[in-house]
Amino acid sequence: MSQQTEVEDVLVKIRENPVFKHLVPMEAGIGWPVPIRRNGSVYLCIPTFGLQRAVGDHPVLIYPPFATITLLWPNLVIVEYVNLRWKKLWSEKEFATPAGTFPHPEIASLTLAQYNEMRTQLLKHYDSMLDASMDEAGMGEFTKLLSKMMEPPLLPYYRKLFPKYYDYFIPQDSVPN
Amino acid sequence: MDDLPFIFHDTGMHTNMGEGPHASSFGITQHQTEYQSGEHHQGDAHQNRGAGLPDFVLRLLGPAGIHFGEDKGWLNSNADIDLWHLQHHDDTCAIVSQQLVLESLTGHSVSENELMQEAYERGWYNPGGGTPAAHVGDLLQAHGIPIERGGGRSIKDLESQLDQGNKVIVAVNGNDIWYPHTLSIFDTILTDIGFMPGQPANHAVQVVSIDHSNASHPMVVLNDSGIFTGAGERVPLDIFEQAWATSNDFMVSTEKAQTI
């Protein structure tokens with residue numbers, strides 16, 4: 001089924017990729033992707049993280065990212081898989097310990113439909129970013145939506161993985177302690 | 001493409017590699033070993049699986065370590081249900097499902113933690129993540145049990161495997177089977193969501209039988225390690241099919257009944 005945005009489509013299709021199936025647990029979450037430009041080509045880097053669904057009254061647990069997959073945009077050829085555990089970006093204990101819970105306060109009052117709508121709006125901005133059609137107003141909206149939807153427990157890890165990107169869009173001093 | 005204003009040339013990701021705190025230990029983490037003292041001893045359940053059954057049933061079950069392909073149906077199901085236990089970690093549903101099959105077919109007990117460690121060392125399990133679909137069943141193969149694995153299977157395929165005395169593990173969406181009629185609740189409070197689209201299957205369970213005793217309401221009997229009531233959990237067939245479809249009807253089945 002075709003999704004509402006190109007990025008959504010990619011995030012659905014990537015799960016059917018044999019590389020993904022071999023390396024990423026089916027219950028894992030896909031994090032906010034990061035567009036990258038290198039040598040005139042555009043890539044999309046997708047972080048994956050552990051995700052344990054809510055059971056009963058228990059919250060959804062989210063774990064630190066354990067891998068990134070980078071795709072050439074728009075033909076979606078995988079150019080890199082990085083096992084963050086192998087890279088020892090954080091400790092073994094940290095990998096296996098919940099980083100926090102979902103949803104975070106900024107979005108906790110949203111209905112599922114409202115959340116999905118906001119997510120689609122944000123992913124539309126990703127489309128604009130990837131096809132170079134994003135204007136200043138769009139960038140402002142992108143920043144606002146990303147800041148609101150970003151899972152705070154994952155942000156420190158994303159910041160370490162993609163420091164320039166997150167220092168630009170969600171500067172450290174913009175995040176309340 | 002060169003004019004993309006907001007895409008950064010290099011995220012600096014690789015320049016940071018290795019700067020993080022290094023692992024002080026390898027394998028099972030402190031977080032995980034906290035649960036070890038509470039580990040359920042499968043062997044006890046397995047050894048007692050025939051307790052209380054009539055002699056003729058015990059003869060049919062045979063000595064520990066031998067599984068008869070013919071002991072299908074309720075008998076096979078009940079023996080498997082006796083082996084069920086709750087998973088001791090958030091992300092070991094696929095490992096426990098394989099453990100239940102392994103113990104059922106071999107008669108030998110093996111702990112969840114032992115299998116988790118083995119899967120981790122072989123690259124089939126990601127602590128804090130789980131088991132990739134392509135590796136569900138690898139533990140069985142490693143222990144001498146041939147498997148068949150893939151998507152696009154049907155209920156008929158599944159039932160055929162069970163009828164032959166084979167064991168079956170499937171990937172499902174847990175919430176579809178745990179909360180089949182509570183969509184309205186999840187639509188009003190944001191407690192469960194796939195973050196990104198296309199993330200429906202999130203749980204592995206063993207299918208122990210399909211109960212057609214009520215022809216108009218067939219039930220799928222599961223060993224579901226994810227919930228306290230998962231031993232012989234009964235799920236309406238239509239609900240099961242909905243939950244299974246989220247994995248493109250992914251199924252791992254053992255090949256022929258094994259004698260090990």
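Residues numbered from 1 in each chain as written. Chains lettered and ligands numbered in written order. Predicted model: local features only at pLDDT ≥ 70, side-chain atom pairs only at ≥ 80, totals over all residues.

## Structural notes on the pairing of strand β3 (residues 41-52) of chain A
Residue and element names in this part refer to chain A.
Here is step 1 of the chain: β3 sits mainly inside the fold: 11 of its 12 residues count as buried.
Here is step 2 of the chain: Pairing of strand β1 (residues 29-30) with β3, which is carried by 2 bridges, proceeds in the antiparallel orientation. In the sheet register, I30 faces β3, and the bridge partner there is T48.
Here is step 3 of the chain: Across 5 bridges, the pairing between strand β2 (residues 34-38) and β3 is antiparallel. Residue pairing across strands places R37 opposite V42, the latter belonging to β3.
Here is step 4 of the chain: Counting the residues that bridge the hairpin from β2 to β3 gives 2 residues, and of these N39 lies at a positive phi of roughly 50 degrees.
Here is step 5 of the chain: Here β3 pairs with strand β4 (residues 60-73) via 10 bridges, running antiparallel. Across the sheet, Y43 pairs through a bridge with L72, a residue of β4. (Buried ≥ 20, exposed ≤ 12 C-beta atoms within 10 Å, placed from the backbone. Helix = DSSP H or I, 4+ residues; strand = E, 2+ residues; numbered from the N terminus. Pairing = 2+ DSSP bridges.)

## Observations concerning the confidence of the model for chain A
Here is step 1 of the chain: Counting all residues, the mean pLDDT for chain A is 89, and 94% of those residues have values of 70 or more.
Here is step 2 of the chain: Of all the helices and strands in chain A, helix α4 (residues 92-95) of chain A carries the lowest mean pLDDT, 88, while helix α7 (residues 155-161) of chain A carries the highest, 96. (pLDDT = per-residue confidence, 0-100.)

## Topic: the packing of helix α5 (residues 93-106) of chain B against helix α6 (residues 112-121) of chain B
Residue and element names in this part refer to chain B.
Here is step 1 of the chain: Here α5 crosses α6 at 115 degrees, and the two axes come no closer than 10 Å. Every pair of crossing elements has a handedness; the one defined by α5 and α6 is right-handed. Contacts from I95, V96, Q98 and Q99 of α5 reach α6 at E112, L115, M116 and A119.
Here is step 2 of the chain: Looking at the contact of α5 with α6, its residues break down into 5 nonpolar, 2 polar and 1 charged. (Axes fitted to C-alpha atoms, helices over the stretch in contact; angles between N-to-C directions. Left-handed = near helix turned anticlockwise from the far one by under 90°. Contact = placed C-beta atoms within 7 Å. Nonpolar A, V, L, I, M, F, W, Y, C, P; charged D, E, K, R; others polar.)

## A short note on the sheet that holds strand β3 (residues 203-211) of chain B
Residue and element names in this part refer to chain B.
Here is step 1 of the chain: Taken in spatial order, the 6 strands make up an open sheet running β1-β6-β2-β3-β4-β5, and their pairing is antiparallel. Strands with a single pairing partner mark the edges of an open sheet, and in this sheet they are β1 (147-150) and β5 (231-236). Sheet twist, expressed as the average angle between the axes of neighbouring strands with direction ignored, equals 30 degrees.
Here is step 2 of the chain: With 5 bridges joining them, β3 and strand β4 (residues 219-223) adopt antiparallel strand pairing. Within β4, the position partnered with S209 by the bridge is V221.
Here is step 3 of the chain: Its contacts with the sheet put α5 on β2 (168-172), β3, β4 and β6 (251-254), and the angle it makes with β3 is roughly 45 degrees.
Here is step 4 of the chain: Against the sheet, helix α11 (residues 237-245) makes contact with β2, β4 and β5, and its axis sits at roughly 95 degrees relative to β5, the strand it touches most.

## Side note on the confidence of the model for chain B
All names here are of chain B.
Here is step 1 of the chain: Averaged over all residues, the pLDDT of chain B is 73; the fraction at 70 or higher stands at 61%.
Here is step 2 of the chain: Confidence, read as mean pLDDT per element, is least for helix α1 (residues 30-33) in chain B (31) and greatest for β6 (98).
Here is step 3 of the chain: pLDDT under 50 marks residues 1-75. Its contacts with residues more than four places away, or in other chains, come to 132 contacts.
Here is step 4 of the chain: The low-confidence segment residues 183-188, where pLDDT is below 50, has 7 contacts with residues more than four positions distant or belonging to other chains.

## Looking at the packing of helix α5 (residues 112-130) of chain A against helix α6 (residues 136-149) of chain A
Residues and elements named next belong to chain A.
Here is step 1 of the chain: Remark: α5 packs on α6, axes separated minimally by 9 Å, with the N-to-C direction vectors making an angle of 135 degrees. One finds that α5 runs oblique with respect to α6. α6 is crossed by α5, and the crossing has left-handed handedness. Counted together, M118, R119, Q121, L122, H125 and S128 of α5 and G138, E141, F142, L145, L146 and M149 of α6 form the full contact between these two elements.
Here is step 2 of the chain: Split by residue class, the contact of α5 with α6 holds 6 nonpolar, 4 polar and 2 charged. (Parallel < 35°, antiparallel > 145°, perpendicular 65-115°, else oblique.)

## Description of the environment of A204 of chain B
All names here are of chain B.
Here is step 1 of the chain: Here A204 shows up in strand β3.
Here is step 2 of the chain: When the 32 C-beta atoms within 10 Å are taken as the criterion, A204 is described as buried.
Here is step 3 of the chain: In this structure, the C-alpha to C-alpha distance between A204 and G226, residues 22 residues apart in sequence, is 8.8 Å.
Here is step 4 of the chain: Look past the residues within four positions of A204 in its chain and what remains in contact with it is C93, A94, S97, V136, I169 and A171.

## Some thoughts on α5 of chain A
It helps to recall that an α-helix has 3.6 residues per turn; residues three or four apart then point in one direction.
Residues and elements named next belong to chain A.
Here is step 1 of the chain: The terminal C-alpha atoms of α5 lie 27 Å apart, and with 19 residues this matches the ideal 27 Å at 1.5 Å per residue to within 8%.
Here is step 2 of the chain: Every buried residue belonging to α5 is among R119, L122, L123, H125, Y126, M129 and L130, and all of these are buried. Looking straight down α5, one finds its buried side chains confined to an arc of 150 degrees; they lie on one side.
Here is step 3 of the chain: The inward-facing, buried residues of α5 contact α1 (6-13), β2, β3, β4 and α6. (Expected span 1.5 Å × (residues − 1). Arc of directions from axis to C-beta.)

## Thoughts on α1 of chain A
Residue and element names in this part refer to chain A.
Here is step 1 of the chain: By the burial criterion, the buried members of α1 are V7, E8, V10 and L11. Projected down its long axis, α1 carries its buried residues within an arc of 160 degrees, all on one side.
Here is step 2 of the chain: Looking at the buried residues of α1, the elements they touch are β1, β3, β4 and α5.

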